[in-house]
Every structure is written in structure tokens, then in C-alpha cells.
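Survey of secondary and tertiary structure
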Amino acid sequence: MSQTLTFGDSCAPITCHAWNKDRNQIAFSPNNNEVHIYQKEGSEWKQTDNLVEHDMRVMGIDWAPNTNRIVTCSVDRNAYVWTQGDDGKWTTTLVLLRINRAATCVKWSPMENKFAVGSGARLISICYFEKENNWWVSKHIKKPIRSTVTTLDWHPNNILLVAGSTDFKVRVFSAYIKDIEDQPGPNVWGSKLPLGQLLAEFPSAGSGWVHSVSFSADGNKVAWVGHDSSINVADATQGKTVIKLKTEYLPFLGCIWISNNTLIVAGHSCIPLLYCHDGDEIKFVAKLDNTQRKESGGLSAMKKFQSLDRQARIETSDTYLDSIHQNAITCINLYKGTKADAVKFSTSGLDGQLVTWDLRSIESLEDLRIH
Amino acid sequence: MAKNTSSSAFRKIDIDQYNEDNFKEDESEQSIPTGPDEGEVCALLNQYRFVEALKHVLNNAPLGSSNQQIKDNALTLTLKVLLAIKSAQIEEAVGTLSQDDIDILMKYIYRGFEYPSEGSSGHLLLWHEKAFNIGGSGSIVRVLSDRMTV
């Protein structure tokens, strides 16, 4: 049902993680300026590289599956594109983001010819490779963003971009770069698509920061989660009205579609949850983690130091949670399948664990129909 | 060279005011309710129609109002209703409320803790317990995160 992976003996929080195409390599940041690359050898995960170029905390990593390039962004206001040489070593190219605040999130476009970086400078940098000068340049989407951009996701058509921000709003922009792409045709979100065109803006009166956004596989729906513990869906084919579900859980930090009408959310409650968008409502489907409390077999010295390291606690009381993740889940990625038909997904969080979840076996265990 | 002083007054200077595209809260477009009608609430209380009184104060809560006077009046009135309802009837009253009403109720419970009177906190804790049973941690999070305060 679920499998916990451990990398080395570190138990630092995992800021974010990204898989390669074959899922036998992973890049993650242990909450500092480094990006660790691990490769699967047999049943073991061995560190193959350590990307040290940033000098402040890494905020986002994305691995382009087909072109096998990694992009990272960090609080030091830089983004780097990493390419692998024939000797397996990663080399880096600086991207000119032209921002004066921390870069907070990064995502390759589906065709992998450009990527978007969100930042605290209240703008999104759309970056693409300029052959003449042999470097990555960026164009800015500025208006009408009024606060830090916290999360991004690309539409499958490679043109549209959805961004969530700390001004409580979710916006859909055109990220069309005319230097490298053909003129896009109209779609359900709009027909005029110059770079930076605002196609939709979803206000959420008084609610919290937006933590995560996701375009559905057909690109018609946008889902997002915010710090008011809500799950929101807007459908462009249904007049872009926002459907909001205020849940009874702690706020969610990640959301992702796993079929055209089901999505997974996870966050401070440490448990991934499955919700379904049906007509004009969002319905709870299942908890994906039904781990029961483990019998605590006394307190070993090992446990004591582990708890000191993980939670900075020295008291001996049992603080084990009824879940696999023992602290907030901060990142969800697909592991197998696509957004239209996901089979496995992976989560990582502040407890330093990386867990892969098998939706098929959860389906049969819980007697659910997900797809 | 700059003199090193222990003065930290500079930290209080609002440098953001000199930034022209400074972030401002959205002005709410819809008209903000002027708060519950005191006469009506008292009338309902006198007729022992407590649940109706509770619904009246929650539905007419001046959410996001910038007028502190209106907010304070609404708080006083809501606390009066909450304290008038007997412990045994709290669960039943909470059960009739919608999810949005529970969130507003939770906001008033926390505001009520700020202004304790004789025996009020214990009673509000009971309200809190019953509201939490329905709204969960989510409704407490919304008290903290929501800008539409009561």
C-alpha cells in the first residue's frame, strides 16, 4: 500500500523532491542549500551527486523527464539548470531571473522548452533558452500580482500557467513566449494570449495564503488549497465559478489531480486525503493512511536520540502519531501514471520521510472506485 | 563611520509606505452588515427562542467591518446569547448550525475569551468543545487565518 524510503542517515526535513523519468533517481533538498541526487541500486538508494551551487535554502526542484534536466531555485534569488554529462556528473547554468527577492517555486513546462519561477518579488519569471547568447533568459509576469507567488502549475497545452499567491488569490496567466513558440489557438480559458495576459482571477475573501495549485489533466479545471483548510475547484467550462469546501482538518500544503475529477490533498494533518469533484460540490472520499498506533515497546536510547533529533524533544512521553508521516507533508508528486490516471504518488515532509503510495492497492483495500 | 547604538527605533519605521505598489487589503465590495438588531435579539431571548437568537446574531455578524464600535456591540450581544443558553442545550443549538455559522461561532468564542466575565470562560469552553466536535481543527485555523474578523 505504501512504502517509506530512506536516504542515508539524515533525518532533516525534505523541502521538496523530484523524480527522474524512470523513477530510479531522485533529487531532494534536506532543508538547506544542497540538492542531493540518489540512485536506486537493487533495493538500496545510493547518493550519486550533491548539487552545491546555491548559497541559501533551496525552495524548488523540478526534473524534466524527457530532456533530463533539473532546475532548482532558492532563497538566494537564483535558479540553476543542471544537465548531466556523459560521465554522469551534473553541470550547471545560471538563469537570469532578474528578481530582488527569494525564488519560491519552479516548474518545467510540459514540453520542457521553458520553465516558470515564482518569487517574493511579486512576479513570475518565465525562462527560456536563448541559443544566440547560449544562456537562459527570463520574461516577467508582474500584473496584477500583489504578493509573494507561492505555487505554480502548467496547463497541458504548454501555454497557460496557474499561480497561487500570499495575497489569497489564484490567477491563470498566458505564458506564451513568441520567440520560441507558434501562436497558440484559443482555449476554454481565453482566446487572446499575449505573455502575461490574465485569463482568470479567483478571489477568496479573507481566506488564507494559497499553498498549492493544480491544473487537471484536460486543463479545464484548477484546484487549489489554502491556509484556511479549504479545498477549491474552479471549472472553466462551468463559468469559472469557485467551489469551496471548508474542511475540518489542519491546512493542506499540497494538492494534485489523480484523475479528471479526483484529487489528493495533504498537509499539516500528516495524512493524504482523497477528494472528488462532482458537479458543484467537492466530496470527501477517503483517508489514504489508516495506520494504527504502533505498540510502543519501551523507550530505547536510540528512540530518545531520534526524537531529540526529529522533534527537538527530550521528554520521554510518546508523541507517535497515528500516521506514517510524523510531521507535515509539504510536497506531493506523481510517481507512476499521469494526472489523468495516476497509479502511484509520492509525498515528502518535515519529518524527513519520503513515502510512495499505491492507489490501486488502496482502491482494493478500501473498496473504492478512484478511476 | 556609523555609530553603534542600542537604538532600535528605526525598526518601527514603516518603509512600505514609500513603496508605490504597496500591498493593500481588498476593500470588500459587498455592503458590510451593520450588525445584529439588539431589540430583536432581546425579544427572542425573552421568549426563550435561544436558537433563533443565536442564528440571528451569527447571520448578521459584521464580518470584516472596519467600525470597531459595531463589532464590539455585536460581540456583547452574541456573548449575551451564548451565556443565556444553558449547558445542556448547547449541543442541540450547535447541531442546527451550518458549517459557515460554526466558523463564525468559533470566532466569537475566541473573542469572548478575550473579555472574560464571571463564569463566562467556563461556559465558552463548553461551547468550544461542542463547536470543535463539528468544525474540527479547520474551524480553529479559520479563526486564525481569516481576515474577515468579528
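Cut-offs and rules
Residues numbered from 1 in each chain as written. Chains lettered and ligands numbered in written order. Predicted model: local features only at pLDDT ≥ 70, side-chain atom pairs only at ≥ 80, totals over all residues. Heavy atoms only, no water. UniProt positions renumbered as here; feature names shortened; annotations may be inferred. Helix = DSSP H or I, 4+ residues; strand = E, 2+ residues; numbered from the N terminus. Expected span 1.5 Å × (residues − 1). Bend = angle between axes of the 7 residues up to and from the residue. Pairing = 2+ DSSP bridges. Axes fitted to C-alpha atoms, helices over the stretch in contact; angles between N-to-C directions. pLDDT = per-residue confidence, 0-100. Buried < 20%, exposed > 50% of the residue type's maximum accessible area, 1.4 Å probe, protein only. Salt bridge = Lys/Arg side-chain N within 4 Å of Asp/Glu carboxyl O.

- As named in an unreviewed UniProt entry, chain B is Actin-related protein 2/3 complex subunit 5, taken from Vanessa tameamea.
- The annotation that UniProt attaches to chain B under Function (unreviewed entry) is "Functions as component of the Arp2/3 complex which is involved in regulation of actin polymerization and together with an activating nucleation-promoting factor (NPF) mediates the formation of branched actin networks. Arp2/3 complex plays a critical role in the control of cell morphogenesis via the modulation of cell polarity development."
- Within the UniProt record for chain B, the comment given under Sequence similarities (unreviewed entry) is "Belongs to the ARPC5 family."

- As recorded by an unreviewed UniProt entry, chain A carries the name Actin-related protein 2/3 complex subunit and is attributed to Vanessa tameamea.
- A UniProt comment under Sequence similarities (unreviewed entry) is attached to chain A, and it reads "Belongs to the WD repeat ARPC1 family."
- According to its UniProt record, chain A has this under Function (unreviewed entry): "Functions as component of the Arp2/3 complex which is involved in regulation of actin polymerization and together with an activating nucleation-promoting factor (NPF) mediates the formation of branched actin networks."

**Considerations on the UniProt feature "repeat: WD" (unreviewed entry) in chain A**
- In the UniProt entry, the feature "repeat: WD" (unreviewed entry) is given for residues 51–82 of chain A.
- Taken end to end, residues 51–82 of chain A is 0% helix and 59% strand, and its first and last C-alpha atoms sit 9 Å apart.

**Quick word on helix 6 (residues 120–145) of chain B**
- In a regular helix each residue adds 1.5 Å, so 26 residues correspond to 38 Å; helix 6 of chain B covers only 25 Å between its end C-alpha atoms and thus falls short of that length.
- At Gly135(B), helix 6 of chain B is bent by approximately 105°, the largest bend along its length.

**Considering the sheet that holds strand 15 (residues 160–165) of chain A**
All names here are of chain A.
- Strand order across the open sheet formed by four strands is 14-15-16-17, with antiparallel pairing between neighbours. Of all strands in the sheet, those with a lone pairing partner are strand 14 (149–154) and strand 17 (198–202), marking the two edges. Averaged over all adjacent pairs, the angle separating strand axes in this sheet is 20°, with direction ignored.
- Note that strand 14 and strand 15 share five bridges and pair antiparallel. Directly across from Asp153, in strand 15, lies its bridge partner Val162.

**Section: the confidence of the model for chain B**
- Scored by pLDDT, chain B comes out at a mean of 88, with 89% of its residues at no less than 70.
- For this predicted complex, the interface confidence score (ipTM) comes to 0.84, while the overall pTM stands at 0.89.

**Observations concerning the pairing of strand 3 (residues 25–28) of chain A**
Residue and element names in this part refer to chain A.
- Burial along strand 3 is two-sided: Gln25 and Ala27 and Ile26 and Phe28, pointing in opposite directions, are all buried.
- Here strand 2 (residues 17–19) pairs with strand 3 via three bridges, running antiparallel. Counterpart to His17 in the pairing with strand 3 is Phe28.
- A loop of five residues connects strand 2 with strand 3, the two strands running antiparallel in sequence, and Arg23 in this loop sits at a positive phi of about 60°.
- Sheet topology places strand 3 next to strand 4 (residues 34–41); four bridges connect them, and they run antiparallel. Considered in strand 4, the bridge of Ala27 is made with Ile37.
- Hairpin geometry of strand 3 and strand 4 is characterised by an intervening segment of five residues between the two adjacent antiparallel strands and by a positive phi of about 60° at Asn31.

**Some words on the pattern of salt bridges**
- Tallied over the full model, the rule gives 18 salt bridges over all chains.
- Here Glu181(A) ties to Lys114(A) by a salt bridge, and the two come within 2.9 Å at their closest N and O atoms. With Glu181(A) in the loop between strand 16 (170–174) and strand 17 and Lys114(A) in strand 11 (residues 114–119), the pair connects residues that are 67 residues apart, well separated along the chain. The pair Glu181(A) / Lys114(A) is uniform in exposure class, with both members buried.
- Linked through salt bridges whose partners overlap, the residues forming this network are Lys246(A), Asp100(B), Asp103(B) and Arg142(B).

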